[in-house]
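# A closer look at the structure
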Amino acid sequence: MALQDIMKEHQRLVILRLLAEVPGFDLNESILQDGLIAYGLDISRDGLRTQLAWLEEQGLIRLEKLGATQKAVLTSRGEDVATGRAVVPGIKRPRAGE
């Protein structure tokens, strides 16, 4: 597997896990970008929007427009993937105990 594919899988998992950690299960794209960078997964705003669109297509998040930015809202299926209860190809599966 190419490093770029590995990075995408990790980025998608971290996005879901960040959303699962907050009350309301929602964050704007600016905070998600900062969260990914804090985990060592540097991503451009355009790259983040691409990942968010992919996650929405899979039914794992819902996107809402907030002026010039977007807010991602975790779905119940997305929460299952974030916690490892469900598996989606293209998203890194969390390890036990993480």
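Above this text you will find the structure in question.
It is a general feature of regular strands that their side chains alternate between the two faces of the sheet. The pairing of strand β2 (residues 61-66) with strand β3 (residues 69-74) spans six bridges and is classified as antiparallel. When the sheet's bridge partners are listed, Arg 62 is paired in β3 with Val 73. The turn joining β2 and β3, which pair antiparallel and follow one another in sequence, is formed by two residues; a positive phi near 65° is taken by Gly 67.

Moving on to unusual backbone geometry. In this model, Phe 25 sits at a positive phi of 55°, which is unusual for a non-glycine residue. For Phe 25, a relative accessible area of 33% translates into the label partly exposed.

What follows deals with the packing of aromatic side chains. Applying the stated criterion across every chain, the model contains zero aromatic pairs. The ring of Trp 54 carries the charged tip of Arg 12 above its face, separated from the ring centre by 3.7 Å.

One can describe the packing of helix α1 (residues 3-21) onto helix α3 (residues 45-57) by two numbers: an axis separation of 10 Å at closest approach and a directional angle of 70°. Here α1 is positioned roughly perpendicular relative to α3, judged by the angle of their axes. Taken together, the residues of α3 that come into contact with α1 (itself represented by Lys 8, Gln 11, Arg 12, Ile 15 and Leu 16) are Leu 48, Gln 51, Leu 52, Trp 54 and Leu 55. For the contact of α1 with α3, the class distribution of residues is six nonpolar, two polar and two charged.

Quick look at the pattern of salt bridges now. A full pass over the atoms with the stated rule returns six salt bridges. Between Glu 64 and Arg 62 there is a salt bridge, and its shortest N-O distance comes to 2.9 Å. On the accessibility criterion, Glu 64 (25% relative accessible area) is partly exposed. Look at Arg 62 and you get partly exposed, because its relative accessible area is 42%. Put simply, Lys 71 and Glu 64 hold a salt bridge, and the shortest N to O gap is 3.4 Å. Each of Asp 26, Arg 62, Glu 64 and Lys 71 takes part in a single network of salt bridges with overlapping partners.

Rules used in this analysis
- Residues numbered from 1 in each chain as written.
- Predicted model: local features only at pLDDT ≥ 70, side-chain atom pairs only at ≥ 80, totals over all residues.
- Heavy atoms only, no water.
- Pairing = 2+ DSSP bridges.
- Helix = DSSP H or I, 4+ residues; strand = E, 2+ residues; numbered from the N terminus.
- Buried < 20%, exposed > 50% of the residue type's maximum accessible area, 1.4 Å probe, protein only.
- Phe/Tyr/Trp six-rings, centres within 6.5 Å; stacked < 30°, edge-to-face > 60°.
- Lys NZ or Arg CZ within 6 Å of the ring centre and 35° of its normal.
- Axes fitted to C-alpha atoms, helices over the stretch in contact; angles between N-to-C directions.
- Parallel < 35°, antiparallel > 145°, perpendicular 65-115°, else oblique.
- Contact = heavy atoms within 4.5 Å.
- Nonpolar A, V, L, I, M, F, W, Y, C, P; charged D, E, K, R; others polar.
- Salt bridge = Lys/Arg side-chain N within 4 Å of Asp/Glu carboxyl O.

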